[in-house]
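Survey of secondary and tertiary structure
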Amino acid sequence: MIVLGIETSCDDTSLALYARGRGVIANLTARQVIHEEYGGVVPEIASRQHMRTLLPVFDAVLEKAGVDRTELGGVGVSNGPGLVGSLLVGVGFAKSLAMGLGIPVVGVHHIEAHVLSNELGGEPLRYPSLVLVVSGGHTALYHVEHMGHYTLVGNTRDDAAGEAFDKIAKLLGLGFPGGPAVQRAAEDGDPRAVDFPRAMRDRGGFDFSFSGLKTAVRQHVEARGALSPRDVADIAASAQAAIVDALVERTVACAQAHAIGHVYLAGGVAANGPLRASMEAACASAGLSYHAPLLEYCTDNGAMVARTAELLLSTGRDDGACLDVFTRGAIESWA
Ligand code: KG4
Ligand code: ZN
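Just so it is clear, the model here is predicted, and its values are computed rather than measured. (Residues numbered from 1 in each chain as written. Chains lettered and ligands numbered in written order. Predicted model: local features only at pLDDT ≥ 70, side-chain atom pairs only at ≥ 80, totals over all residues. Heavy atoms only, no water.)

**Structural notes on the overall build of the protein**
A tally of helices and strands in the protein yields 9 helices and 10 strands. Relative to its length of 335 residues, the protein is compact, with a C-alpha radius of gyration of 20 Å against a globular reference of 20 Å. Expressed as a percentage of its 335 residues, the buried residues of the protein come to 54%. Taking all contacts inside the protein whose residues are at least 6 apart in sequence as the whole, residues at least 24 apart take part in 72%. (Helix = DSSP H or I, 4+ residues; strand = E, 2+ residues; numbered from the N terminus. Rg over C-alpha atoms; globule rule 2.2 N^0.38 Å. Buried < 20%, exposed > 50% of the residue type's maximum accessible area, 1.4 Å probe, protein only. Contact = heavy atoms within 4.5 Å.)

Structure, rendered in structure tokens:
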């Protein structure tokens, strides 16, 4: 069965076709560059852009795959969490398409899709696993005991890791989205140049906090005045190191506390080179197995939605015309 996955929860219109045994048949993303002008995603513009690009991307992904729409066996769509207007465009389209073709439609939790993006390389998830989901809107640790069973064991108290990258990039005048820009700028910098705080280090539990770091970077930038390219590189490298250290320390400690052997990264920030390298090294020295999604499937994509939908559809689920959107909430277990 060929499944269509639709991702419109934020600012990327991404559609993909996936089939069990074949994997990803095609994945196509229209990035909304217009938000760069505003230094962040403008929700109303995002929904309107989805309206414009969804149908052309749908036609293009079918053409790329050489698949006719009548060959589709089911549709999956991110129905939350995300921006309500953006979600409504994708969900409205998914339901109409499913109704027109007489096939089932399932709502996919965007974060569960990020978790399962780890399977797009061809290897099924190993259980029990601990998944660090780090994106523009989320920083969460999920204990996945078995397929479809999720327990939230750590969360951010304030900003998400991706949000921290984006805000630090803005302070340094590096553009949007900030994560890749900070990583690039940091390549020429010294991560020990500025000793930024490692939040929550001395507190119990496995929650994260990044607002203190953001404030520390702002104060540091204001105190220095005009920044040379060297300063920018050093601050970017030092701030990135503070984020990476906090994520890696908490994740490894959490895996050890819960006796979980397999550690996974997921979400846009999982594309960060130093995070991948540092997590891999920390897992190796703690005797944990380390995994991360292929780079192309870290940021939002239709493939992860299609993969998750295929799993849900295989349980016989069909959300039908009642499928609705939601703006927040953790992954709910379904098995
Ligand atoms: O998962 P995603 O595409 O969207 C959400 O669900 O939020 O994540 C987007 C986030 C942005 O904050 C972006 O700055 C960050 O992922 N990001 C990165 C990198 N690539 C994307 N952060 C750090 N390093 C990167 N290489
Ligand atoms: Zn995402």
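There is more to say, and it comes next.
**So, empty space enclosed by the protein**
According to the stated counting rule, one finds 1 cavity of 30 Å³ or more in the structure shown. Computed from the structure, the largest cavity encloses a volume of approximately 40 Å³. Lining of the largest cavity is provided by Pro 197, Arg 198, Ala 199, Ser 209, Phe 210, Leu 213, Ala 242, Ile 243 and Ala 246. For the lining of the largest cavity, the element with the highest residue contribution is helix 7 (residues 229-257), accounting for 3 residues. (1 Å grid on protein atoms, 1.4 Å probe; cavity = no way out; pocket = protein on both sides within 12 Å on 5 of 7 lines; lining within 4 Å. Points joined across faces, edges and corners; volume = space filled by probe spheres on them.)

**Some words on unusual backbone geometry**
Put simply, Gly 80 and Pro 81 share a cis peptide bond, and its omega is -10 degrees. Mapped onto the secondary structure, Pro 81 falls in the loop between strand 4 (72-80) and helix 2 (84-101). In this structure, the amide linkage connecting Tyr 127 to the following residue, Pro 128, adopts the cis form with an omega of -10 degrees. You can see Pro 128 is positioned in the loop between helix 3 (110-116) and strand 6 (129-134).

**Structural notes on the sheet that holds strand 5 (residues 105-109)**
Across the sheet, 5 strands lie side by side as 3-2-1-4-5; this open sheet has mixed pairing. The open sheet terminates on both sides in strands that have one partner only, identified here as strand 3 (23-31) and strand 5. If you compare each strand with its neighbour and ignore which way they point, the axes differ by 20 degrees on average. Relative to strand 5, strand 4 is paired through 5 bridges, and the arrangement is parallel. Looking across to strand 5, one finds that Gly 80 is bridged to His 109. Across the face of the sheet, helix 9 (residues 302-313) comes into contact with strand 1 (2-7), strand 2 (12-19), strand 3, strand 4 and strand 5 while running at roughly 130 degrees to strand 1. (Pairing = 2+ DSSP bridges. Axes fitted to C-alpha atoms, helices over the stretch in contact; angles between N-to-C directions.)

**A few points about the coordination of the zinc ion (ligand 2)**
Looking at the zinc ion (ligand 2), the protein donor atoms are His 110 (NE2), His 114 (NE2) and Asp 300 (OD), and they sit 2.0 to 2.1 Å from it. The motif formed by the donor residues of the zinc ion (ligand 2), counted along the single chain, is H-x3-H-x185-D. Placement of His 114 in helix 3 and of Asp 300 in the loop between strand 10 (289-291) and helix 9 is noted, with a sequence separation of 186 residues between them. By relative accessible area, His 114 is classed as buried at 0%. (Donors = N, O, S within 2.8 Å, 3.2 Å for Na, K, Ca; no water.)

**A look at the packing of aromatic side chains**
Considering all chains together, one arrives at 3 aromatic pairs under this definition. Each ring, one from Tyr 142 and one from Tyr 150, has its centre 6.2 Å from the other, and the planes form 85 degrees; the classification is edge-to-face. Tyr 150 matches Tyr 142 in its accessibility class, with the two residues each being buried. (Phe/Tyr/Trp six-rings, centres within 6.5 Å; stacked < 30°, edge-to-face > 60°.)

**Quick look at the sheet that holds strand 9 (residues 262-266)**
With mixed pairing, the 5 strands of this open sheet are ordered in space as 8-7-6-9-10. Bordering the open sheet on either side are strand 8 (149-155) and strand 10, each of which pairs with just one other strand. Between one strand and the next, the sheet's axes are offset by a mean angle of 25 degrees, whatever the strand orientation. Note: strand 9 against strand 10, 3 bridges, orientation parallel. Paired with Tyr 264 across the bridge in strand 10 is His 291. In this fold helix 7 packs onto strand 6, strand 7 (139-146), strand 8 and strand 9, with an angle of close to 160 degrees to the strand it touches most, strand 6.

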